[in-house]
Amino acid sequence: MAEQESLEFGKADFVLMDTVSMPEFMANLRLRFEKGRIYTFIGEVVVSVNPYKLLNIYGRDTIEQYKGRELYERPPHLFAIADAAYKAMKRRSKDTCIVISGESGAGKTEASKYIMQYIAAITNPSQRAEIERVKNMLLKSNCVLEAFGNAKTNRNDNSSRFGKYMDINFDFKGDPIGGHINNYLLEKSRVIVQQPGERSFHSFYQLLQGGSEQMLHSLHLQKSLSSYNYIRVGAQLKSSINDAAEFKVVADAMKVIGFKPEEIQTAYKILAAILHLGNLKFVVDGDTPLIENGKVVSIIAELLSTKTDMVEKALLYRTVATGRDVIDKQHTEQEASYGRDAFAKAIYERLFCWIVSRINDIIEVKSSDTTTHGKNTVIGVLDIYGFEIFDNNSFEQFCINYCNEKLQQLFIQLVLKQEQEEYQREGIPWKHIDYFNNQIIVDLVEQQHKGIIPILDDACMNVGKVTDEMFLEALNSKLAKHGHFSSRKLCASDKILEFDRDFRIRHYAGDVVYSVIGFIDKNKDTLFQDFKRLMYNSSNPVLKNMWPEGKLSITEVTKRPLTAATLFKNSMIALVDNLASKEPYYVRCIKPNDMKSPQIFDDERCRHQVEYLGLLENVRVRRAGFAFRQTYEKFLHRYKMISEFTWPNHDLPSDKEAVKKLIDHCGFQDDVAYGKTKIFIRTPRTLFTLEELRAQMLVRIVLFLQKVWRGTLARMRYKRTKAALTILRYYRRYKVKSYIHEVARRFQGIRTMRDYGKHVKWPTPPKVLRRFEEALQAIFNRWRASQLIKTIPASDLPQVRAKVAAVEMLKGQRADLGLQRAWEGNYLASKPDTPQTSGTFVPVANELKRKDKYMNVLFSCHVRKVNRFSKVEDRAIFVTDRHLYKMDPTKHYKVMKTIPLYNLTGLSVSNGKDQLVVFHTKDNKDLIVCLFSKQPTHESRIGELVGVLVNHFKRPAAQSGLRMLLCVLLECRQEETGTRTRTKPRDSISTVKRRLTHRRPGRELSCFRQLPGEALLSSPTLPSEPCRSPPLTVI
Ligand SMILES: Nc1ncnc2c1ncn2[C@@H]1O[C@H](COP(=O)(O)OP(=O)(O)OP(=O)(O)O)[C@@H](O)[C@H]1O
Ligand SMILES: [Mg+2]
């Protein structure tokens, strides 16, 4: 039931009435109509009253209110039913249909358009172009079909004169992908004649009022409506439709839908040809009928793209085959007029059917491959001509009203009969609700042999002249006892009925008097073969296509075609079968008055409609009945996830028990009944709540499935990775093993090799063994070194150690370390170096040995220094394991300065070719000299001095005396007097360490010991090479 509507608007659902009675029903309907609430529910049926005024209830905001909502959540509206049908189709993949019924002018066509608009508005959220195109076509097709198939009648200015059932096809996502229109019996007699106050089809008026001068001229038409016999009757009528404006709208719509220009042009030509046909007059000359206005014939021929004489012949003669002979039989004037009208009606009907088929061609679902599009579901919308009673009711009204009987029967079958029967079948306690079953009237019309249609067909099949009166006579004799049939002959006192002309059917919606005049002809629907051939031979291909049967030659025997009534009956049966196979939703339209007034609510007229539509019975069944039923199996399938007892599978004895458990679990036990095979749910609210619960659970199920699937994927990935890692591990192991085997193989016999395997090429290690290889090579080198050292005599070992120490300290820093020569150390005692003075030095050295008790001489050499007066002076240095002596060679190596070795804190040398060396001392009185060799000249002895000293200080016994606390840099700067060199503390120890780690080749190597304060030392210009680059400092 509807919510959110206050009670001042009456009850939104008739089911809520206090008592189910006609007065209360009518009072509610009237109240709501007067308050502008034109829609009311009966459960899932919408009752709609035509407001006859524009209401602001179909806009975008209203659409949004109804989109995706359940029926009871919003006030009654067409959108609610459209949404329910759409949702049912989407949720259950079931085809649904919306059947809109009601009498002429009750608002069916308008309702069907609003429903289609709603469906178009809520679908295709992703704005796919193809879907938008389809939607546009479906919407645009309405105005084209209305132009050619609707007309003004005395009941409705825009009355549908054809039946329309439109299927909209949806893909699995619920977006419209196409459609199909079925059209039913067009009231074509309207082309040639209309009742007073009525008009022909809109298309004629639209062409004459809206077509340009030039177009009308080319069609040989003039604007004046009264110039054409076929539409003269309604020429002066005022219509609420603006024909001229509509003409443009329809032409544009045809273009948008995809009609080609020549097709649109042909449609106009056909309309013009029909108007001209109506003006043709026949005269009789003796026995021969002639056409009075021959010029019109040539215009018709031109419009139909055929020849004038052929048109004339088709109008005046009829080709008849007698045995093998073919003769032209001349028409009487009456026959000629009949032929002309039949031709006009036929070409209009063909045009209409062709328009429908062209629209179908365009909107038809192109690819309905279920594997790619999923299940293709359908919503059908039925908008068919409503029940109608005119002053003069003929064959067409008979068909239209029969159609409405069939639809009422379907409603009864589905809503009233089957429902009640089902309750009984399922053993649900039920008190039968009585209703009028119109099956008896349906039988009156269609029953084999006894129905009106079979009797009419019999009459048409009789050879010889059978008149309409004879047909009426047959009805009288066969249906005399039928309660719903009467005629003047059967009821002589009934003066309303004319003798030999009228019969009355008591329809479910009221009594209708039909005049039999024209029944036989309209049922036979004869069109002389000559016209078909004429059209087939047209040079206009569009026109020719409309008449494929014109191909048959006159001598070809064809089966007698089915009569119009039988064709219509068959199409109705098919339609009802189609609707019955879908889940139906009903819109029951009510016409509030006959004056098309928005103010008047004609109680009597409305009560009558409520009665014949069976709305009260509908309310009763609905109130007592159940909104929803479903077999236990299907119910479980849809809702089992709601309860732990049923998810994923129940272990109860039967599905019925499981459903009971589920319902009890949800607390709905008071709103359901359990049948033999089905569960019945009384109120929609319960169903919607179930749906909501299901929707909530679905999210969790989806998450669960995603979780499981993600887990599966992760496990698969994990297994693959693990497998890959195992492969990798084994491969690596293989590579390592092969490397080790290879190393072992290559180095197998190195002990016996002369170079202890120096020449052996190392195999390339796998990446993982790079560091291992480095370590291995280091081990190998040490082993090899140990092997080589073993061969060196013990006396050479100090020299080797000194060289190693020099290399470790200065490698890469100085070019020549003097490694290639033997390091003599004590050069002052060496004759080649000091040929004259060595003899003088040795006693001094011995004297010092005695005095200072040194054990070993580490180094001695001539040096040069520059004194503070820039004078070069020769000196010598003598380094023992106890002292560093500065001597004067010119004075018999007199000791000038003695520095105990433990006072020596560092040694600075440059990285150039010079032999400059600075001995740093604890007392900051650094000694700066330049080594000087006489033989050979300029021999580099810096490496030797560094090696010997470093090696000496490396001894375990000396280690405690060597302390490195601070660093200094040796700076050289130019002063006026010459180069001045000073040492000063500059960096913290950590900075130096850092610098050491990142030192660049060619830059100073510095690491040092404490030198507090500053000591300015003068440095002479050195004879060899001045210290330009930063000096190298060695501990
Ligand atoms: N919801 C509505 N809002 C405004 N006017 C409406 C509405 N429904 C119907 N009408 C008015 O009533 C007229 C007749 O409606 P409609 O053509 O839909 O009737 P119908 O039931 O299709 O009749 P028929 O059986 O003759 O085709 C419309 O032209 C329009 O003026
Ligand atoms: Mg209509």
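Bear in mind that the values here come from a model prediction, so they are computed numbers and not experimental data.

Novice: Whenever I open this one, the overall build of the protein confuses me. Can you help?
Specialist: When helices and strands are counted, the protein shows 31 helices and 30 strands. The C-alpha radius of gyration of the protein comes to 59 Å, more than 25% above the 31 Å expected for a compact globule of 1035 residues. Projected onto its principal axes, the C-alpha coordinates of the protein cover approximately 180 × 75 × 65 Å. Counting over 1035 residues, the protein shows a buried share of 52%. In the protein, once contacts between residues fewer than 6 apart in sequence are set aside, the share between residues at least 24 apart is 65%. Summing over all exposed atoms, the protein offers an accessible surface of approximately 49900 Å²; the carbon and sulfur share of this is 53%. The protein carries 159 positive and 118 negative side-chain charges, and their two centres are separated by 18 Å.

Novice: What's the story with the site of ligand 1 in this structure? I'm lost.
Specialist: What surrounds ligand 1 is a group of 20 residues, the closest being Ser104, Lys108, Thr109, Ser159 and Ser160. Contacts to ligand 1 include Asn50, whose side-chain N or O atom sits 2.8 Å from an oxygen atom. Side-chain polar atom of Lys108 to an oxygen atom of ligand 1: 2.7 Å apart, as the coordinates give it. Contact with the protein chains covers 88% of the free accessible surface of ligand 1, which is 620 Å². Those elements that place two or more of their residues in the shell around ligand 1 are α4 (108-122) and β5 (159-160).

Novice: What am I meant to see in the coordination of the magnesium ion (ligand 2) here?
Specialist: Geometrically, a metal with four donors at the corners of a regular tetrahedron has ideal angles of 109.5 degrees, and one with six donors at the corners of a regular octahedron has ideal angles of 90 or 180 degrees. The coordination sphere of the magnesium ion (ligand 2) contains the protein donors Thr109 (OG1) and Ser160 (OG), at a distance range of 1.9 to 2.1 Å. Linking Thr109 in helix α4 with Ser160 in strand β5, this pair joins segments that are 51 residues apart in sequence. For the pair Thr109 and Ser160, a shared accessibility class is recorded, and that class is buried.

Novice: So what exactly am I meant to see when it comes to the nonpolar core here?
Specialist: Considering soluble globular proteins, one finds that nonpolar side chains tend to be buried as a cluster. Grouped together as the largest cluster of nonpolar side chains are 122 residues, with contacts concentrated most on Phe148 and Phe204. In terms of residue count, helix α12 (residues 333-363) provides more of this core than any other element does, 15 residues in total. Phe148 has contacts with Leu186, Phe201, Ser203, Val250, Met254, Leu271, Tyr348, Leu351, Phe352 and Ile355, leaving out every residue within four places of it along the chain. Counting 83 residues, the second largest nonpolar core, distinct from the first, contains Met22, Ile42, Phe398 and Val445.

Novice: What exactly am I supposed to notice about a nonpolar patch on the surface here?
Specialist: Taken together, the side chains of Phe704, Leu705 and Val708 define a hydrophobic patch exposed on the protein surface, amounting to about 270 Å² of accessible area. For Phe704, the location among the structural elements is in helix α26 (residues 684-746).

Novice: Explain helix α28 (residues 797-810) here, please?
Specialist: In an α-helix, one turn spans 3.6 residues, which is why side chains three or four residues apart end up on the same side. An ideal rise of 1.5 Å per residue puts 20 Å on 14 residues; α28 measures up with 20 Å between its terminal C-alpha atoms. For α28, the full list of buried residues reads Ala802, Lys803, Ala805, Ala806 and Leu810. The buried residues of α28 all sit within an arc of 160° when viewed along its axis, so they share a single face. Backbone geometry just after α28 places Gly812 at a positive phi near 85°.

Novice: In this structure, what is going on with unusual backbone geometry? I would like to understand it.
Specialist: Trans is the common state for peptide bonds, and a negative phi is the common state for residues other than glycine. Cis geometry is adopted by the peptide bond preceding Pro648, which originates at Trp647 and carries an omega value of -5°. Within the chain, Asn124 stands out as a residue other than glycine whose phi angle is a positive 55°. Considering the arrangement of structural elements, one finds Asn124 in the loop between α4 and α5 (129-149). The exposure class assigned to Asn124 is buried, which follows from its relative accessible area of 0%. Residues other than glycine seldom take positive phi values, yet Asp525 does so here, at roughly 50°. As for its placement among the helices and strands, Asp525 is situated in the loop between α18 (519-524) and α19 (529-536).

Novice: What is the right way to read a positive patch on the surface from this model?
Specialist: A surface patch of like charges, here positive, comprises Lys722, Arg729, Arg733 and Lys737. Following the sequence through the fold, Lys737 ends up in helix α26.

Novice: Looking at this structure, I do not really get the sheet that holds strand β14 (residues 502-507). What am I missing?
Specialist: Hydrogen bonds along the backbone pair up the strands of a sheet, which may run parallel or antiparallel. Sheet architecture is open: 3 strands sit in the order β13-β14-β15, paired in antiparallel fashion. The outermost strands of the open sheet, each flanked by one partner alone, are β13 (485-487) and β15 (510-515). If you compare each strand with its neighbour and ignore which way they point, the axes differ by 25° on average. Where β13 and β14 come together, 3 bridges link them in antiparallel fashion. Counted as the bridge partner of Phe485 is Ile505 from β14. Sitting on the sheet, helix α17 (residues 468-479) touches β13 and β14, and the angle it makes with β13 is about 130°.

Novice: Before we go on, may I ask you to explain the pattern of salt bridges in this structure?
Specialist: If the charged atoms of two oppositely charged side chains come close together, the side chains can form a pair. Throughout the structure, instances matching the rule amount to 54 salt bridges. A salt bridge links Glu396 to Lys522; the shortest N-O distance between them is 3.2 Å. With a gap of 126 residues between them, Glu396 in helix α14 (residues 395-425) and Lys522 in helix α18 connect regions that are remote in the sequence. Classification of Glu396 as buried rests on a relative accessible area of 8%. With a shortest N-O distance of 3.4 Å, Lys406 and Glu446 are connected by a salt bridge. Here Lys406, found in helix α14, pairs with Glu446, found in helix α15 (residues 439-446); they are 40 residues apart in sequence, far enough to count as distant.

Novice: Which parts of the structure should I look at to understand the packing of helix α10 (residues 294-303) against helix α11 (residues 308-316)?
Specialist: When two helices pack together, their arrangement is given by the angle between the helix axes and by the axis-to-axis distance. Two elements in contact, α10 and α11, have axes separated by 8 Å at closest approach and are oriented at 110°. Here α11 runs roughly perpendicular to α10, going by the angle between their axes. Considering how the two elements wind past one another, α10 and α11 form a crossing that is right-handed. Each of Val297, Ser298, Ile300 and Ala301 in α10 lies in contact with α11, whose residues at this interface are Thr308, Val311 and Glu312. Looking at the contact of α10 with α11, its residues break down into 4 nonpolar, 2 polar and 1 charged.

Novice: What am I meant to see in the layout of surface pockets here?
Specialist: A water-sized probe, rolled over the atoms, reveals where empty space remains. Estimates place the volume of the second largest pocket at around 1400 Å³. Every residue lining the second largest pocket is counted, 45 residues in all, and those nearest its centre are Arg92, Glu583, Ala627, Phe628 and Arg629. Elements with a minimum of two residues in the lining of the second largest pocket: α3 (78-92), α14, β16 (583-590), α23 (615-624), β17 (628-631), α24 (632-639) and α26. No other element matches the 6 residues that α14 contributes to the lining of the second largest pocket. Across the lining of the second largest pocket, the residue classes tally to 20 nonpolar, 6 polar and 19 charged.

Thresholds, definitions, all that
- Residues numbered from 1 in each chain as written.
- Chains lettered and ligands numbered in written order.
- Predicted model: local features only at pLDDT ≥ 70, side-chain atom pairs only at ≥ 80, totals over all residues.
- Heavy atoms only, no water.
- Helix = DSSP H or I, 4+ residues; strand = E, 2+ residues; numbered from the N terminus.
- Rg over C-alpha atoms; globule rule 2.2 N^0.38 Å.
- Buried < 20%, exposed > 50% of the residue type's maximum accessible area, 1.4 Å probe, protein only.
- Contact = heavy atoms within 4.5 Å.
- Areas by Shrake-Rupley, 256 points an atom, 1.4 Å probe, with all protein chains shown as cover.
- Lys, Arg positive; Asp, Glu negative; His and termini not counted.
- Charge placed at Lys NZ, Arg CZ, Asp CG, Glu CD.
- Near = heavy atom within 4 Å.
- Polar contact = N/O pair within 3.5 Å; in protein donor to acceptor, adjacent residues only side chain to side chain.
- Donors = N, O, S within 2.8 Å, 3.2 Å for Na, K, Ca; no water.
- Core = buried A, V, L, I, M, F, W, Y, C linked by side-chain atoms within 4.5 Å.
- Patch = residues over 30% accessible without salt bridge, like charges linked within 9 Å, V, L, I, M, F, W, Y side chains within 5 Å.
- Salt bridge = Lys/Arg side-chain N within 4 Å of Asp/Glu carboxyl O.
- Expected span 1.5 Å × (residues − 1).
- Arc of directions from axis to C-beta.
- Pairing = 2+ DSSP bridges.
- Axes fitted to C-alpha atoms, helices over the stretch in contact; angles between N-to-C directions.
- Parallel < 35°, antiparallel > 145°, perpendicular 65-115°, else oblique.
- Left-handed = near helix turned anticlockwise from the far one by under 90°.
- Nonpolar A, V, L, I, M, F, W, Y, C, P; charged D, E, K, R; others polar.
- 1 Å grid on protein atoms, 1.4 Å probe; cavity = no way out; pocket = protein on both sides within 12 Å on 5 of 7 lines; lining within 4 Å.
- Points joined across faces, edges and corners; volume = space filled by probe spheres on them.

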